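Given next are the chains, with one letter for each unit.
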There are 2 protein chains.
Amino acid sequence: MRDQRTIRATYYLESEIEPERAAAAMAGEQSSGTFVAVPGESPELHKRHGAQVVGVEPLGDCRPSLPSRTTPEKVQAALVTVEFPMENVGTDLATLQTAVAGNLFELGQLYACRLQDIGLPEEFVAAHPGPAFGIPGTRRLINDVEGVMIGTIVKPNVGLHEDQFRHVVRELARASIDLIKDDELMTDPGYLPLQRRVAIATEEIRAAEQITGHPTMYAFNITGDLAGLRRRHDLVVEAGGRCVMLNVPVMGIPAVAWLRSFTAVPIHGHRAGLAASMRAKGLGVDYRVWQQLARLAGADHLHASGLGSKFYETDDEVAANVRSLLEPLGSTTTPVPTLSSGQNVTTPGPTYAAVQSTDLLMLAGGGVAGHPDGPTAGVQSLRDAWAVAVAGVPLAEAARSRADAGNRALLHAVQKFGGA
Amino acid sequence: MRDQRTIRATYYLESEIEPERAAAAMAGEQSSGTFVAVPGESPELHKRHGAQVVGVEPLGDCRPSLPSRTTPEKVQAALVTVEFPMENVGTDLATLQTAVAGNLFELGQLYACRLQDIGLPEEFVAAHPGPAFGIPGTRRLINDVEGVMIGTIVKPNVGLHEDQFRHVVRELARASIDLIKDDELMTDPGYLPLQRRVAIATEEIRAAEQITGHPTMYAFNITGDLAGLRRRHDLVVEAGGRCVMLNVPVMGIPAVAWLRSFTAVPIHGHRAGLAASMRAKGLGVDYRVWQQLARLAGADHLHASGLGSKFYETDDEVAANVRSLLEPLGSTTTPVPTLSSGQNVTTPGPTYAAVQSTDLLMLAGGGVAGHPDGPTAGVQSLRDAWAVAVAGVPLAEAARSRADAGNRALLHAVQKFGGA
């Protein structure tokens with residue numbers, strides 16, 4: 001059994017030298033190693049503080065995935081497991097990131113370096129509170145809503161003025177939607193400042209609740225300067241807002257943890273920019289790892305693209321990422337996997353088949369606002385599509401039978417978005 | 001002449017469809033576009049808030065650089081220039097990052113997406129203070145030191161206990177070195193807490209100054225949780241420390257800007273983790289762009305790898321990055337380009353030839369501590385090597401003539417590190 005005081009990390013590496021030696025050099029760089037021997041290095045120090053390569057699985061030769069100072073014709077690929085002494089890192093998230101995902105990507109002797117997975121000791125996980133709301137807390141704030149939560153993004157995402165914005169929120173809130181969010185590009189622009197957005201949206205949501213009985217949650221994007229982060233959070237909370245949003249890769253994991261330390265509402269974690277360090281297969285950090293850091297920091301909702309989306313990941317990859325969000329992480333509360341991009345009535349079927357859970361938030365932009373009968377029908381069609389997916393009934397058949405019973409929302413959505 | 005209210009960004013893109021269309025879709029995604037037409041979209045809104053593709057330079061066909069949902073045999077490469085309305089972004093750095101380097105990396109129809117350069121309007125640049133110290137302020141704090149500043153990293157970088165740490169700092173400070181820094185992995189571990197490190201290092205540096213007359217600067221790594229950032233900064237400053245260090249990619253650009261808002265000392269900006277979003281040629285963000293954001297946020301020193309380093313970038317790439325740091329950015333103070341990894345007496349020659357400047361900080365780990373005659377000779381050998389490089393004298397010849405005159409530091413370094 002492994003030492004519970006080590007942090008285990010699995011890397012895909014490529015090197016010209018044997019994988020064992022390349023892995024050892026990398027482990028040294030990320031712990032107690034130096035390239036030129038210096039006084040003070042002792043066997044005891046290396047034993048206690050050196051990262052250890054505990055597994056090497058050769059994967060054969062290939063062409064180098066990444067550029068370097070030299071360009072060999074072929075390199076050796078391997079899956080490598082390294083254990084970092086927790087004593088080097090303590091329980092700090094930024095230090096952890098620096099250790100497992102820092103300088104190592106720069107090493108010239110590696111032609112691929114990808115952090116694929118991480119195993120954190122109980123003591124590390126227990127030092128972090130995790131999401132304050134997660135799935136149960138978010139449901140509670142939306143009238144204990146059951147099943148997949150349906151959300152949307154205010155569209156057009158930029159450029160709306162106050163009266164237009166009010167109109168969009170009014171329509172969506174009166175459609176009994178569970179969550180409305182700002183686009184990641186919408187922060188605090190002069191033409192529609194956050195303060196005005198918060199005032200208008202909370203007012204419209206309260207008014208809609210009087211009619212519908214449904215308290216729509218709005219995720220206000222408080223991404224921006226850290227000096228103003230608490231002020232923007234407070235502004236949302238004081239106006240009665242019930243969710244704040246952060247562009248996590250841009251703001252950094254430490255910013256999530258800091259926001260978590262004082263937030264009164266769920267943190268909606270957007271992933272804009274994440275693909276810059278995730279999309280190249282031989283470089284960067286896998287979603288599996290990133291989501292653990294974001295959860296420990298306290299993100300309550302985490303974006304994971306969506307099956308059938310316009311983004312690069314295949315449906316299998318998206319499904320695996322969603323499932324990783326639903327895996328336990330110590331005793332932390334499970335966050336809400338958030339599906340977005342290209343979501344409409346055709347996606348619940350494949351999504352439920354792949355993840356077998358309704359503990360999800362599905363964001364549909366065009367799928368709500370673009371419904372031929374308006375947003376109320378848009379929301380209804382998505383709820384219907386989820387009920388159909390869970391029941392295992394074919395979509396077209398269900399759409400027709402519902403239409404026969406007088407509910408045409410799903411049928412009209414299927415006719416517009418496909419699945420007929 | 002271009003509209004001074006736009007942010008210009010240049011991308012390398014690959015797409016299966018014509019580059020013009022791919023670029024337009026990307027520009028739409030990053031501004032006012034939606035994939036499904038929704039109410040409220042008007043020609044006026046798109047005109048005012050839509051990002052515009054202002055240049056497309058086709059670069060021919062190639063194999064796709066990145067994975068996506070589909071894997072075409074070949075794609076079309078192009079250099080594309082996009083102008084983003086500043087009105088969408090305001091002057092916020094996090095919003096800027098989200099706009100120019102956010103969701104676009106995810107787009108399935110792009111098979112490469114690399115932000116290569118950015119041109120910011122005067123108004124944007126002027127809204128940020130930039131480095132509070134930069135080159136002049138840093139020199140001032142080190143007795144107006146002239147020429148290339150010589151620094152080093154405490155080695156072994158992790159695992160030293162108090163007495164060992166004290167010994168290392170004492171030796172280095174008495175060697176009249178300009179700067180000592182913590183390793184990026186060294187933050188606030190239980191076995192050598194920041195508070196103890198600050199107390200010991202400042203004490204040793206003051207004592208050494210009594211002997212040498214040279215006030216060594218120590219860059220204390222205050223990377224860690226944001227809730228404690230100001231406390232850690234204050235702890236350094238109150239003890240008389242004169243520099244704080246931040247792992248910028250891990251902490252985020254907003255963290256640098258926040259630290260800048262209250263720091264009393266220069267911010268030493270490490271780049272650990274940056275390569276994760278920089279090393280794959282068809283993905284992520286170029287150093288040219290990143291350094292502008294870090295400078296606007298207020299980093300006083302910025303790491304740029306080093307010529308002859310153990311990192312992946314070629315010497316030409318490193319030199320170009322160093323030169324980018326020395327380019328003007330509005331009226332902000334120029335930061336200190338910081339060279340690291342594999343730096344020793346052999347690297348000043350090629351470095352000076354490539355960048356023609358001595359406004360640099362060279363960090364040499366083994367090159368100082370590993371000198372056969374000890375760190376004082378290590379520092380002396382590096383100063384000598386720089387004088388020789390600037391004078392344009394061949395290194396071996398200069399080493400011999402200095403040895404003949406009684407100064408053997410350079411000769412012994414050359415014999416150990418090469419260049420003989």
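Keep in mind that this is a model prediction, so the values were computed, not measured.

Caption draft 1: Geometry of the packing of aromatic side chains. Using the criterion set out here, one finds 9 aromatic pairs over all chains in the structure. Relative to Phe220(B), the ring of Tyr218(B) lies with its centre 4.1 Å away and its plane at 20 degrees, an arrangement referred to as stacked. Taken together, Trp258(A), Phe262(A), Trp258(B) and Phe262(B) form an aromatic cluster joined through their ring pairs. The ring of Phe262(A) has Arg230(A) lying over it, and the distance from NZ or CZ to the ring centre is 4.2 Å.

Caption draft 2: Looking closely at the packing of helix α7 (residues 162–174) of chain B against helix α8 (residues 194–212) of chain B. Residues and elements named next belong to chain B. Look at α7 against α8: their axes get within 9 Å of each other, and the N-to-C directions meet at 30 degrees. Comparing their axes, α8 and α7 come out roughly parallel. Here α7 and α8 pass one another in a crossing that is right-handed. Touching Glu162, Phe165, Arg166, Val169, Arg170, Ala173 and Arg174 of α7 are Arg196, Arg197, Ile200, Ala201, Glu203, Glu204, Ile205, Ala208, Ile211 and Thr212, all from α8. Taken together, the residues of the contact of α7 with α8 sort by class into 8 nonpolar, 1 polar and 8 charged.

Caption draft 3: The sheet that holds strand β2 (residues 52–62) of chain B, seen in detail. Residues and elements named next belong to chain B. With mixed pairing, 5 strands are arranged side by side in an open sheet as β2-β3-β1-β4-β10. One side of each edge strand has no neighbouring strand; the edge strands of this open sheet are β2 and β10 (283–285). On average, each strand axis in the sheet is tilted by 15 degrees relative to the strand beside it, whichever way the strands run. In terms of strand pairing, strand β1 (residues 6–15) meets strand β3 (residues 75–85) through 10 bridges, oriented antiparallel. Across the sheet, the residue bridging to Tyr12 is Leu79, located in β3. Helix α4 (residues 93–101) contacts β1, β3, β4 (110–119) and β10 of the sheet and is inclined by roughly 35 degrees relative to β1. Its contacts with the sheet put helix α12 (residues 287–297) on β4 and β10, and the angle it makes with β4 is roughly 50 degrees.

Caption draft 4: Region of the structure containing the domain arrangement of chain A. Residues and elements named next belong to chain A. Structurally, chain A comprises domain 1 (6–126) and domain 2 (134–417). Centre-to-centre, using C-alpha coordinates, domain 1 lies 36 Å away from domain 2. Between domain 1 and domain 2, roughly 1600 Å² of surface is buried when both sides are summed, and carbon and sulfur atoms account for 66% of that area. Broken down residue by residue, the surface that domain 1 buries against domain 2 is led by Leu93, Arg114 and Val125, which jointly contribute 40%. The tally of links from domain 1 across to domain 2 stands at 2 salt bridges.

Caption draft 5: Representation of the relation of the copies chain A and chain B. Least-squares fitting of chain A to chain B yields an RMSD of 0.0 Å, with the superposition described by an axial translation of 0.0 Å and a rotation of 180 degrees. As the rotation angle and translation indicate, the two copies are arranged about a two-fold axis. Across chain A, the rotation axis passes nearest the C-alpha of Ser277(A), at a separation of 2.2 Å. Mapped onto chain B, 100% of the interface residues of chain A again fall at the interface, so both copies present the same surface.

Caption draft 6: How the structure looks around the interface of chain A and chain B. Listed by partner, the interface residues are 89 residues for chain A and 89 residues for chain B. In total, chain A and chain B occlude about 7100 Å² of area from one another, counting both sides; carbon and sulfur atoms represent 60% of this. Three residues, Arg69(A), Glu106(A) and Arg279(A), lead the burial of chain A against chain B; their summed loss comes to 12% of the area buried on that side. With a shortest N-O distance of 2.8 Å, Asp315(A) and Arg69(B) are connected by a salt bridge. The interface formed by chain A and chain B holds 38 residue pairs in polar contact (both at pLDDT 80 or more) in total. Among the elements that take part in the side of chain A that touches chain B, helix α4 (residues 93–101) of chain A stands out by supplying 6 residues, more than any other.

How each quantity is defined
- Throughout this description, residue numbers start from 1 for each chain and increase along the sequence as written.
- The order in which chains are written sets their letters, starting at A; the order in which ligands are written sets their numbers, starting at 1.
- This being a predicted model, a pLDDT of at least 70 is required before a residue's local features are given, and a value of 80 or more before pairs of side-chain atoms are given or counted; all residues contribute to the totals for chains, interfaces and linings.
- Think of the side-chain values as coming from all heavy atoms in the structure, minus any hydrogens and water.
- Two aromatic rings from Phe, Tyr or Trp, using only the six-membered ring of Trp, form a pair when their centres are within 6.5 Å; if the ring planes differ by under 30 degrees the pair is stacked, by over 60 it is edge-to-face, and anything between is tilted.
- The criterion for a charge sitting over a ring is simple: Lys NZ or Arg CZ within 6 Å of the ring centre, and within 35 degrees of the ring normal.
- For helices, the fitted axis covers only the stretch in contact; all axes are lines through C-alpha atoms, and the angles between them, taken along N-to-C directions, range from 0 to 180 degrees.
- Numbering of helices and strands runs from the N terminus, with a helix taken as a DSSP run of H or I at least four residues long and a strand as a DSSP run of E at least two residues long.
- Should an angle lie under 35 degrees it is considered roughly parallel, over 145 roughly antiparallel, and from 65 to 115 roughly perpendicular; all remaining angles are considered oblique.
- Here is the rule for handedness: rotate from the far helix to the near one, and if that takes an anticlockwise turn smaller than a right angle the crossing is left-handed, while a clockwise turn gives right-handed.
- The contact criterion used throughout is that any non-hydrogen atoms of two residues lie within 4.5 Å.
- Gly counts as polar in this scheme, as do all residues outside two lists: the nonpolar Ala, Val, Leu, Ile, Met, Phe, Trp, Tyr, Cys and Pro, and the charged Asp, Glu, Lys and Arg.
- Following DSSP output, two strands are said to pair if at least two bridges run between them.
- Boundaries between domains were set according to an automatic or database domain assignment.
- The term buried area means the drop in 1.4 Å probe accessible area that two parts suffer when joined, counted for both and summed.
- Think of a salt bridge as a Lys or Arg side-chain nitrogen and an Asp or Glu carboxyl oxygen that are within 4 Å of each other.
- Residues below a pLDDT of 70 in either copy are left out; the C-alpha atoms of the rest, at least 70 in both, set the least-squares superposition of the copies.
- N or O atoms within 3.5 Å of each other form a polar contact, as long as, within protein, one can give a hydrogen and the other can take it, and as long as residues adjacent in sequence are counted only when both atoms are side-chain atoms.

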